[in-house]
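Structural overview
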Amino acid sequence: MHNRPKIIGITGGIASGKSAIARMLASLGAAHIDADEMCHTLLLRDEIKKNIIETFGNTVKNGYGGIDRRQLAEIVFRDKAGLDTLCSILHPIIIKQIYAKIDDIIHHGKKHAIVIDAALLEESGLSMVCDYVVFVNTGKGQRAKRSQISRHWSEGELEKRESFQMDLQEKKNKADYIIDNNFSVDNTFLQVKKFWQLYIEEK
């Protein structure tokens, strides 16, 4: 009889490397639940597309009748009300899917851990199901640079989007473990392995 897998939630600032940490944990044997991937899949569903287009207008449509995610983000990050509206459409379904996935992984009993990679882990209440919340600590300058390169964001975009989320210091204070992602990938992986050995690995 297997023990119930430990549930790890990843939190931190935008572009702090949360997904990279989640993938590192997956490489050590954790089942990886990616909320962002679920969100992308959800935006392909006809009833969701219809709801979003009716709510935000035809400007969020791309040339193929799907959702232009960049344009949608442009609209919802103008004010809190727009973001709250989008969250009210997507979040209940995503959270339901995450719980179903957790149940499925526990039922199959082959994993020692489950890692939840969700941008709004604290805000959505998902942190409540986690045995451990890991905060990824990355300097603002590094995150801004990363978001400009990988996401093609203009200067100030990171601050604007982050202002819609829970205060970073508050997230850090709530975490059970902090991983410093300001140095090399190897350095970060060593910290991830240390966490795994301390809290997950079967003794």
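Just above, that's the structure.
Residues numbered from 1 in each chain as written. Predicted model: local features only at pLDDT ≥ 70, side-chain atom pairs only at ≥ 80, totals over all residues. Heavy atoms only, no water.

A closer look at the overall build of the chain
When its secondary structure is counted, the chain shows nine helices and five strands. Each helix (α) and strand (β) of the chain, taken in turn from the N terminus, gives the series β-α-β-α-α-α-α-β-β-α-α-α-β-α. In summary, the chain has a C-alpha radius of gyration of 18 Å against a globular reference of 17 Å for 203 residues, a match within 12%. Counting all 203 residues of the chain, 44% fall into the buried class. By element, 51% of the accessible surface of the chain is carried by carbon and sulfur atoms, the whole surface being about 11300 Å². Averaged over its 29 positive side-chain charges, the chain has a centre that lies 2 Å from the centre of its 27 negative ones. (Helix = DSSP H or I, 4+ residues; strand = E, 2+ residues; numbered from the N terminus. Rg over C-alpha atoms; globule rule 2.2 N^0.38 Å. Buried < 20%, exposed > 50% of the residue type's maximum accessible area, 1.4 Å probe, protein only. Areas by Shrake-Rupley, 256 points an atom, 1.4 Å probe, with all protein chains shown as cover. Lys, Arg positive; Asp, Glu negative; His and termini not counted. Charge placed at Lys NZ, Arg CZ, Asp CG, Glu CD.)

With respect to unusual backbone geometry
Although it is not a glycine, A15 adopts a positive phi angle of roughly 60°. Turning to its location among the elements, A15 is positioned in the loop between β1 (6–12) and α1 (18–27). With relative accessibility at 6%, the residue A15 sits in the buried group. In this structure, H152 is a non-glycine residue whose phi angle is positive, near 60°. Its place among the elements puts H152 in the loop between α6 (140–150) and α7 (157–162). Looking at H152, the relative accessible area reads 59%, which means it is exposed.

So, the pairing of strand β4 (residues 132–137)
Note on strand geometry: in a regular strand, side chains alternate between the two faces of the sheet. Most of β4 is tucked away: five of the six residues are buried. In this structure, β1 lies alongside β4, joined through five bridges in parallel fashion. Across the sheet, G9 pairs through a bridge with V133, a residue of β4. Bridging between β4 and strand β5 (residues 177–180) involves four bridges; their strand directions are parallel. Counterpart to N137 in the pairing with β5 is D180. (Pairing = 2+ DSSP bridges.)

Some details on helix α9 (residues 185–199)
In a regular helix each residue adds 1.5 Å, so 15 residues correspond to 21 Å; α9 covers 21 Å between its end C-alpha atoms and thus fits that length. Those residues of α9 not exposed but buried are T188, Q191, V192, F195 and W196. For α9, the arc enclosing every buried residue in end-on projection is 140°, short of the 170-degree limit, so these residues lie on one face. Those residues of α9 that are exposed and aimed more than 90 degrees away from the buried face are D186 and L190. Residues of α9 that are buried make contact with β1, α1, β3 (113–117), β4 and β5. (Expected span 1.5 Å × (residues − 1). Arc of directions from axis to C-beta. Contact = heavy atoms within 4.5 Å.)

Concerning the sheet that holds β5
With respect to topology, five strands assemble into an open sheet ordered β2-β3-β1-β4-β5, the strand pairing being parallel. Looking at strand neighbours, the two that pair on one side only are β2 (31–34) and β5, the edges of this open sheet. Across this sheet, the average inter-strand angle for adjacent strands is 25°, counted without regard to direction. Its contacts with the sheet put helix α2 (residues 35–42) on β2 and β3, and the angle it makes with β2 is roughly 50°. (Axes fitted to C-alpha atoms, helices over the stretch in contact; angles between N-to-C directions.)

These results come straight from atomic positions and should not be treated as a statement about function.
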